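One-letter residues, chain by chain:
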Amino acid sequence: MNHLDIQTFLTIASSPSLSKAAESLYVSQPALSHRLSALEREVGAELIVRHRGVRAIELTDAGQRFVPIAKKWEQLWQETRKICEEQPAAPFRISNVDSLNLFFMPQVVSGFLEKNPSCRLSLVTMRSNVAYSAVENREIDLGFITNPHFFKKVQTVPLFRENMAFLCGADAKYCDAVDPSALDSAEEIYIPWSNTFLMWHDYWFGSTPEIRVALDNMSLLEQLLRLPDAWAIVPATVAQTLSGKGSCRTVPLRDAPEPRTCYAILTDHRQTGPVLAGFIREFQHTAAAFPEISVLSPQAFPLD
């Protein structure tokens, strides 16, 4: 006996005929009769009176006694459903690369939560290769990466391309447009942004250049750029954020690295739920506000 059986009986008991009950439940009359017969076998008694030529529903004594039991069952089911619905939803789990987490994601999260106030988020910072494994193992629902890899069970969807910029301290010597050949890597604050950036860097500075400071995250970048004549190549959103604080400034760069591409990684974008699709749309909406970014709108996640 299940909720469908109880719902069927209570509908029959409150309807003038089996045909009307079937209509209310959006089933055929033979299907309704089959459900009723199965319930009667389980109860061990006939619940409605069956007379040839009589179309109106009449409950047997057993049927009348079963009505309050069925109503209690229905009430318990509704109360159980209410408990399930009141359970807090599991957080939506997202991973980010470091540069997006510090200079881009706060705007995305704020915009998304404003539209989805009941949603809970879990945000972690992961390198691209680690994020792929986390998506594949269902440890996160969505990842944002800049170095694409091949994982058989993970979809990689390009979201936007972002220009790279030359950034230095406010008092550094760089004024006019800078040529890479005139730069000294011994003054560089170096962060390996992507595979295409590594190829550009190797071309201009060699495979084993002398570097002032090598970083694997963004937390010290602003402070280190205060060193005399220190410089760094950074994504445009990072450059814009730090330049706006007044401690750093951007200088035009000739022969700049190729724009970096940001990707979403997920298990299967063809079965995307509304929360995931909504977050990616908010991500792209935020990106579209930056003139240095070219948004790529894959068909699965069109911008509103």
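Remember, predicted model here, so these are calculated numbers, not experimental data.

1. A look at the sheet that holds strand S8 (residues 231-235)
Strand pairing in a sheet relies on backbone hydrogen bonds. The paired strands run either parallel or antiparallel.
Working step 1: The strand order S8-S5-S9 describes an open sheet built from three strands, whose pairing is antiparallel. Both edges of this open sheet fall to S8 and strand S9 (248-251), since each of them pairs with a single strand only. Put simply, the sheet's adjacent strands are angled 40° from each other on average, direction ignored.
Working step 2: Judged from the four bridges that link them, strand S5 (residues 164-169) and S9 form a sheet pairing that is antiparallel. Note on S9: the bridge partner recorded for Phe166 is Val251.

2. Structural notes on the side chain of Thr286
Working step 1: Note that Thr286 resides in helix H11 (residues 274-287).
Working step 2: Taking relative accessible area as the criterion, Thr286 reaches 7% and is therefore assigned buried.
Working step 3: Residues contacting Thr286, with those up to four places away along its chain left out, are Phe104, Gln107 and Val108.

3. Re the pattern of salt bridges
Working step 1: According to the stated counting rule, one finds seven salt bridges in the structure shown.
Working step 2: Between Arg93 and Asp141 there is a salt bridge, with the nearest N and O atoms lying 3.0 Å from each other. Taken together, the residues Arg93 in strand S1 (residues 92-96) and Asp141 in the loop between helix H7 (128-136) and strand S3 (142-145) connect sequence positions 48 residues apart.
Working step 3: Overall, the relative accessible area of 28% leaves Arg93 in the partly exposed class.
Working step 4: Put simply, Glu222 and Lys245 hold a salt bridge, and the shortest N to O gap is 3.3 Å. On the criterion of sequence distance, the pair formed by Glu222 in helix H9 (residues 221-224) and Lys245 in the loop between helix H10 (236-244) and S9 is long-range, its members being 23 residues apart.
Working step 5: Among the residues examined, Lys245 registers a relative accessible area of 54% and is labelled exposed.

Definitions and limits used
- The numbers attached to residues start from 1 for each chain and follow its sequence in the written order.
- Note on the predicted model: pLDDT of at least 70 is required for a residue's local features to be given, and 80 or more for side-chain atom pairs to be given and counted; whole-chain, interface and lining totals, by contrast, use all residues.
- Each side-chain value is derived from all of the structure's non-hydrogen atoms; neither hydrogens nor water enter the calculation.
- Whether two strands pair depends on DSSP finding at least two bridges between them.
- Numbering goes from the N terminus for both helices and strands, where a helix is a DSSP run of H or I of at least four residues and a strand is a run of E of at least two.
- For helices, the fitted line uses only the C-alpha atoms of the stretch in contact; every axis is such a line through C-alpha atoms, and the angle between N-to-C directions lies from 0 to 180 degrees.
- Residue burial is assigned from relative accessible area. The probe radius is 1.4 Å, only protein chains are included, and a residue is buried under 20% of its type maximum, exposed over 50%, and partly exposed in between.
- Note on contacts: a residue pair is in contact if any heavy atoms of the two residues lie within 4.5 Å.
- Salt bridge, as used here: a side-chain nitrogen of Lys or Arg that lies within 4 Å of a carboxyl oxygen of Asp or Glu.

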